[in-house]
Amino acid sequence: MSTTHLLGFPRIGAKRELKTLLENYWKEAIDEAALLQGARELRQRHWLLQKGAGAQLLPVGDFSLYDHVLDAQLLVGAVPPRFGFDAAELSTRQYFELARGNAAQPALEMTKWFDTNYHYLVPEWRADTAFRAQPERLLAPLREAQALGVNAKPVLLGPLSLLWLGKAKGQAFDKLTLLPGLIAAYRELLAALKQAGAEWAQIDEPILALDLPQAWLDAFAPVYAELAPAAPRLLLASYFGSVAEHAPLLKALPVAGLHLDLARAPEQLAVFLADYPADKVLSAGLIDGRNIWRADLSAILEQAEAARARLGERLWLAPSCSLLHSPFDLAAEIQLDADVRTWLAFAVQKLNELKTLQRGLNQGRAAIANELTGSDFAQRQRRDSARIHKPEVAARLAALPRDADRRASPYPQRAAAQQAWLQLPPLPTTTIGSFPQTQSIRASRAAFKKGELSAADYQAAMEKEIELAIRRQEALGLDVLVHGEAERNDMVEYFGEQLSGFVFTAGGWVQSYGSRCVKPPIIYGDVSRPQPMTVRWAAYAQSLTPKPVKGMLTGPVTILQWSFVRDDLPRGEVCRQIALALNDEVLDLEAAGIRVIQIDEPAIREGLPLKRAERDGYLAWAGQAFRLSCRGVDDATQIHTHMCYSEFGDILPAIAALDADVITIETSRSDMELLTDFGDFRYPNAIGPGVYDIHSPRVPRAEEIRHLLDKALQVIPLRQLWVNPDCGLKTRGWPEVEAALATMVQVTRQLRADLKQPA
Ligand code: GLN
Ligand code: ZN
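Residues numbered from 1 in each chain as written. Chains lettered and ligands numbered in written order. Predicted model: local features only at pLDDT ≥ 70, side-chain atom pairs only at ≥ 80, totals over all residues. Heavy atoms only, no water.

Topic: the overall build of the protein chain
(1) Moving on: Along the protein chain, the regular secondary structure elements total 27 helices and 22 strands.
(2) Moving on: Relative to the globule expectation of 27 Å for 759 residues, the C-alpha radius of gyration of the protein chain, 27 Å, shows essentially globular dimensions.
(3) Moving on: If one aligns the C-alpha atoms of the protein chain with their principal axes, the spans along those axes are about 75 × 60 × 50 Å.
(4) Moving on: Burial status across the protein chain gives 59% buried among its 759 residues. (Helix = DSSP H or I, 4+ residues; strand = E, 2+ residues; numbered from the N terminus. Rg over C-alpha atoms; globule rule 2.2 N^0.38 Å. Buried < 20%, exposed > 50% of the residue type's maximum accessible area, 1.4 Å probe, protein only.)

Here is the structure:
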């Protein structure tokens, strides 16, 4: 018999119950006892669901009230001292203050969990960080599970990954020097779990899928040699990529099993099967935990059978990674397109696939003949579906000339052609696109969606909002205006809804961080644009003003990155399809008189593969897709792009290669350090570094903006510099937006005047 297990389950709940609990607790509609009771019930329901679906060894400790990396820090008692909290006595209120900040201290920093769209809270390490195990934090849920009669497997983030993911604060030091103290805490935790009756513990070391420095790789053997003796049987889990290069190291570790992500990296199975140690379990992550496509059971079973022949019962079956990254239950999607629905599997369906796979393996293919037929049929139907394959899309891509992604003239020539009609002053001012999504905008959209507002009335309501935005920008004296994006709920959804090849779920939520969830569109087929998507709004805005209005599009890479993407085409190919669909829009905007067009790519950095060796390939197709989206525009049409909230310093050549005429970029996170990078790199085109943070209602002071602009002028030539906020303003209110932009424009005017005066 092969054991089935899972690495983690979506904790947010089928109906986002955790979100409701958290938000009610935060606004004091429920008390702490109700929150904790609600969370306990949710955990228990999820365990029973997993057990009912036939999973045999269930994760415990994967549930979190906010974030599992925060929980891992707390398990070893590492609370940043700046909060002044006692790790052993941490209250629920204090827990959320770490996650969300309080009056005195900003929250822990948040960043992306590997290449997913989940954000974790970054541990803060100091040279003198001390660790003290807090086993009760994990023992409590373990007891809950045991009381339910669940076969429980505690899950911990491994010590090396926890350490790696944290940031060194204070005096510089090598994070590895913290290992001895950390290991002592882990030993105590693991011993407590063993004592409490846990037979197995899963210890996640996802950093194994990164390019690790040798010193970190060398740490694995001694660390696990120290941990194993006092611990339950350890299952060391890797995911999100291949760990084949570390096979000799991993096979020699004193752990009782290894988990491999065979959805992302199926080829590593063969490497591990070759002299796999006789004392270890191998957990095959065959069901894709990160995507929403139904498993190809026949193909997967074949792999499982090969592994089974070598390993016998030491082969375990699992999803590739925690199901945290998968939506909850497809059964709730009653309105979804019927064809597409048969091609999908969410977390609950993945549990069933796992169970089926196990039966097929244990009892032979005949035992799951019906399921195999169903799976084969769905695969075939998807492969051959006319809904997916639009020959004209492929043909159009194939027919592109080699230099399809090149602008007609080099930047200096284009800049001159653009300035000839734009006649912009030095340091042109603009914004990033969205203006406040006011109550009135949201009410109109909700009424329209419910059918209470006719299309004509909705359009009229949006036009009123656009007019308001234009008048306000004119009054502020901005140079390049925007229509304000009132009609957009979300920058990807808005386009996905109008492109073919996309479907949307009603409840396919995935946790992004804390109580926040996103509902990614599903790209299932060839992408094209049946009709213009934004032209009407942009053209209306332009009709109201003699000032140039900038059209706003979400770029191909960002649309791809924030969707679930079909797995039957390379991502680069899907991205190029989106690019051509957007190109249709760009050319229609241009024809409608919109001659400044911004193509937002905030997600370009996060698509970067985990392994360095794959990065250039990604950047090449991502850049090509961006350039294809503005294919064929006139020299005089000015293409902007926008990026934010990522480390861009190391991909500057790729950003420059987009060849956008202007890039507006968020800089508040690095106090314009980024600009030094741009300066050193000699960024060739124009650049608008954000001059104020848009995350708080705080209105920047004139001196702050002036300081940033003076700093910018030291590294960016005057003729290349634009002035704008960090990002879109949709989460703000109008009073602070008007005050902040008025200050921005006034400072810019003063600076222009000062620059005219010879010093
Ligand atoms: N144009 C978008 C806006 O202003 C850009 C948002 C983003 O960068 N995430 O809202
Ligand atoms: Zn932005």
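A word on the sheet that holds strand β17 (residues 549-554)
(1) Moving on: Spatial ordering of the open sheet is given by β12-β17-β19-β20-β21-β22, a layout of six strands whose pairing is parallel. The strands lining the two open edges of the sheet, one partner per strand, are β12 (481-482) and β22 (686-689).
(2) Moving on: In this sheet, β22 lies alongside strand β21 (residues 662-665) in parallel orientation, the contact comprising four bridges. Its bridge partner being in β22, isoleucine 665 is matched across the sheet by proline 689. (Pairing = 2+ DSSP bridges.)

So, the packing of helix α7 (residues 179-195) against helix α8 (residues 214-227)
(1) Moving on: Axis separation between α7 and α8 bottoms out at 9 Å; the angle between their running directions is 35°. Two packed elements cross with a definite hand, and for α7 against α8 that hand is right-handed. Residues Leu179, Ile183, Tyr186, Arg187 and Leu190 of α7 touch α8, and the partners they reach there are Ala219, Val223, Glu226 and Leu227.
(2) Moving on: For the contact of α7 with α8, the per-class residue count stands at seven nonpolar, no polar and two charged. (Axes fitted to C-alpha atoms, helices over the stretch in contact; angles between N-to-C directions. Left-handed = near helix turned anticlockwise from the far one by under 90°. Contact = heavy atoms within 4.5 Å. Nonpolar A, V, L, I, M, F, W, Y, C, P; charged D, E, K, R; others polar.)

Some points on the pattern of salt bridges
(1) Moving on: Here the structure, examined in full by the defined rule, presents 42 salt bridges.
(2) Moving on: Here arginine 472 makes a salt bridge to glutamate 738, at a shortest N to O gap of 3.6 Å. Placement of arginine 472 in helix α18 (residues 455-476) and of glutamate 738 in helix α27 (residues 734-756) is noted, with a sequence separation of 266 residues between them.
(3) Moving on: Looking at arginine 472, the relative accessible area reads 24%, which means it is partly exposed.
(4) Moving on: Of the charged contacts in the structure, one is a salt bridge between arginine 566 and aspartate 568, with a shortest N-O distance of 2.8 Å.
(5) Moving on: Since its relative accessible area comes to 3%, arginine 566 is described here as buried.
(6) Moving on: It is possible to trace a salt-bridge network through shared partners that takes in Arg382, Asp526, Arg566, Asp567 and Asp568. (Salt bridge = Lys/Arg side-chain N within 4 Å of Asp/Glu carboxyl O.)

So, the site of ligand 1
(1) Moving on: Taken together, Ile432, Gly433, Ser434, Glu485, Met491, Asp600, Pro602, His642, Cys644, Cys727 and Gly728 make up the full set of residues near ligand 1.
(2) Moving on: Between glutamate 485 and ligand 1, the recorded distance is 2.9 Å, taken from a side-chain N or O atom to a nitrogen atom.
(3) Moving on: A distance of 3.1 Å separates an oxygen atom of ligand 1 from a polar side-chain atom of histidine 642.
(4) Moving on: Here ligand 1 loses 90% of its free accessible area of 300 Å² to cover by the protein chains.
(5) Moving on: Residues belonging to the shell around ligand 1 are distributed by class as follows: five nonpolar, four polar and two charged. (Near = heavy atom within 4 Å. Polar contact = N/O pair within 3.5 Å; in protein donor to acceptor, adjacent residues only side chain to side chain. Areas by Shrake-Rupley, 256 points an atom, 1.4 Å probe, with all protein chains shown as cover.)

A short note on the packing of helix α15 (residues 391-398) against helix α22 (residues 571-591)
(1) Moving on: The contact between α15 and α22 brings their axes to 10 Å, and the two run at 90°. Between α15 and α22, the angle falls in the class roughly perpendicular. Contacts between α15 and α22 involve Val393, Arg396 and Leu397 from the first element and Glu573, Arg576, Gln577, Leu580, Asn583 and Asp584 from the second.
(2) Moving on: Each residue belonging to the contact of α15 with α22 can be placed in one class, and the counts come to three nonpolar, two polar and four charged. (Parallel < 35°, antiparallel > 145°, perpendicular 65-115°, else oblique.)

Describing the coordination of the zinc ion (ligand 2)
(1) Moving on: Every protein donor of the zinc ion (ligand 2) is accounted for by His642 (NE2), Cys644 (SG) and Cys727 (SG), and the metal-donor separations fall at 2.1 to 2.3 Å.
(2) Moving on: One can describe the site at the zinc ion (ligand 2) as tetrahedral: its four donor atoms subtend angles covering 94 to 122° at the metal.
(3) Moving on: Coordination of the zinc ion (ligand 2) draws on donor residues from a single chain, spaced H-x1-C-x82-C in sequence. Taken together, the positions of cysteine 644 in the loop between β20 (638-643) and α24 (652-657) and cysteine 727 in the loop between α26 (702-715) and α27 put the pair 83 residues apart, joining distant regions of the chain. There is no split in this pair, since cysteine 644 and cysteine 727 are both buried. (Donors = N, O, S within 2.8 Å, 3.2 Å for Na, K, Ca; no water. Tetrahedral: all angles 85-135°; square planar, octahedral: opposite > 155°, others 65-115°.)

A closer look at the state of the cysteines
(1) Moving on: Evaluated as defined, the whole model comprises zero disulfides.
(2) Moving on: Unpaired in this structure, cysteine 517 has its nearest cysteine sulfur neighbour in cysteine 321, at a distance of 17 Å.
(3) Moving on: Judged by relative accessible area, which is 13%, cysteine 517 ranks as buried. (Disulfide = S-S within 2.5 Å.)

Observations concerning the sheet that holds strand β1 (residues 58-60)
(1) Moving on: Ordered by their spatial adjacency, seven strands build an open sheet running β1-β5-β7-β8-β9-β10-β11, and the pairing between neighbours is parallel. Whereas interior strands pair on both sides, the edge strands pair on one side only; in this sheet they are β1 and β11 (315-319). Taking the axes of each pair of neighbouring strands and ignoring which way they run, one obtains an average angle of 30° across the sheet.
(2) Moving on: The pairing of β1 with strand β5 (residues 152-157) spans three bridges and is classified as parallel. Bridged to proline 59 within β5 is lysine 153.

A few points about the side chain of threonine 430
(1) Moving on: Here threonine 430 shows up in the loop between α16 (411-422) and α17 (439-449).
(2) Moving on: On the basis of relative accessibility, which here comes to 0%, the residue threonine 430 falls in the buried class.
(3) Moving on: Here the side chain of threonine 430 touches valine 480 through a polar contact of 2.9 Å, landing on its backbone oxygen.
(4) Moving on: Contacts of threonine 430, omitting those with residues within four sequence positions, involve Leu478, Val480, Lys550, Trp722, Val723, Asn724, Pro725 and Met744.

Overview of helix α11 (residues 297-311)
(1) Moving on: The end-to-end C-alpha distance of α11, which contains 15 residues, comes to 20 Å, matching closely the 21 Å that a straight helix rising 1.5 Å per residue would cover.
(2) Moving on: Among the residues of α11, those classed as buried are Leu297, Ser298, Ile300, Leu301, Ala304, Ala307 and Leu311.
(3) Moving on: For α11, the elements touching its buried residues are α10 (268-273), β10 (281-287), β11, α13 (347-363) and α14 (369-384). (Expected span 1.5 Å × (residues − 1).)

Some remarks on the packing of aromatic side chains
(1) Moving on: Evaluation of the coordinates by the stated rule reveals 21 aromatic pairs.
(2) Moving on: With centroids separated by 5.5 Å and ring planes inclined at 85°, the aromatic side chains of tryptophan 26 and phenylalanine 96 adopt a geometry described as edge-to-face. Of this pair, tryptophan 26 sits in helix α1 (residues 17-26) while phenylalanine 96 sits in helix α4 (residues 92-100), placing them 70 residues apart in sequence.
(3) Moving on: For phenylalanine 96, a relative accessible area of 4% gives the class buried. (Phe/Tyr/Trp six-rings, centres within 6.5 Å; stacked < 30°, edge-to-face > 60°.)

Considering the nonpolar core
(1) Moving on: Counting residues in each nonpolar core, the largest one holds 104 residues, and the members touching the most others are Trp113, Leu160 and Tyr224.
(2) Moving on: The biggest single contributor to this core is α7, with nine residues.
(3) Moving on: Here tyrosine 224 is in contact with Gly158, Pro159, Leu160, Ile203, Glu205, Pro229, Leu234, Leu236, Leu253, Pro254 and Val255, once residues within four sequence places are set aside.
(4) Moving on: Residues Ile441, Ile597, Leu608 and Leu721 belong to the second largest nonpolar core, which totals 96 residues. (Core = buried A, V, L, I, M, F, W, Y, C linked by side-chain atoms within 4.5 Å.)

Observations regarding unusual backbone geometry
In most cases, non-glycine residues show a negative phi, while peptide bonds are predominantly trans.
(1) Moving on: The phi torsion at phenylalanine 114 lies on the positive side, around 50°, for a residue other than glycine.
(2) Moving on: Position of phenylalanine 114 relative to the elements: it lies in the loop between β2 (110-112) and β3 (119-121).
(3) Moving on: In the Ramachandran plot, aspartate 659 falls in the positive-phi region, its phi being about 60° despite a non-glycine side chain.

Describing the pairing of β21
(1) Moving on: Neither face of β21 is exposed, since Val662 and Thr664 on one face and Ile663 and Ile665 on the opposite face are all buried.
(2) Moving on: Relative to β21, β20 runs parallel, the two being bridged by four bridges. Paired with histidine 642 across the bridge in β21 is threonine 664.
(3) Moving on: On the question of chirality, the crossover connecting β20 to the parallel β21 by way of α24 is right-handed. (Right-handed = clockwise from strand over helix to strand, strands pointing away.)

Things to note about the side chain of threonine 545
(1) Moving on: Looking at where threonine 545 falls in the secondary structure, it is placed in the loop between α20 (535-543) and β17.
(2) Moving on: The exposure class of threonine 545 is buried, given its relative accessible area of 6%.
(3) Moving on: Engagement of the side chain of threonine 545 in a polar contact is seen with the backbone nitrogen of lysine 547, the distance being 3.1 Å.
(4) Moving on: Contacts of threonine 545, omitting those with residues within four sequence positions, involve Ile470, Glu474 and Leu481.

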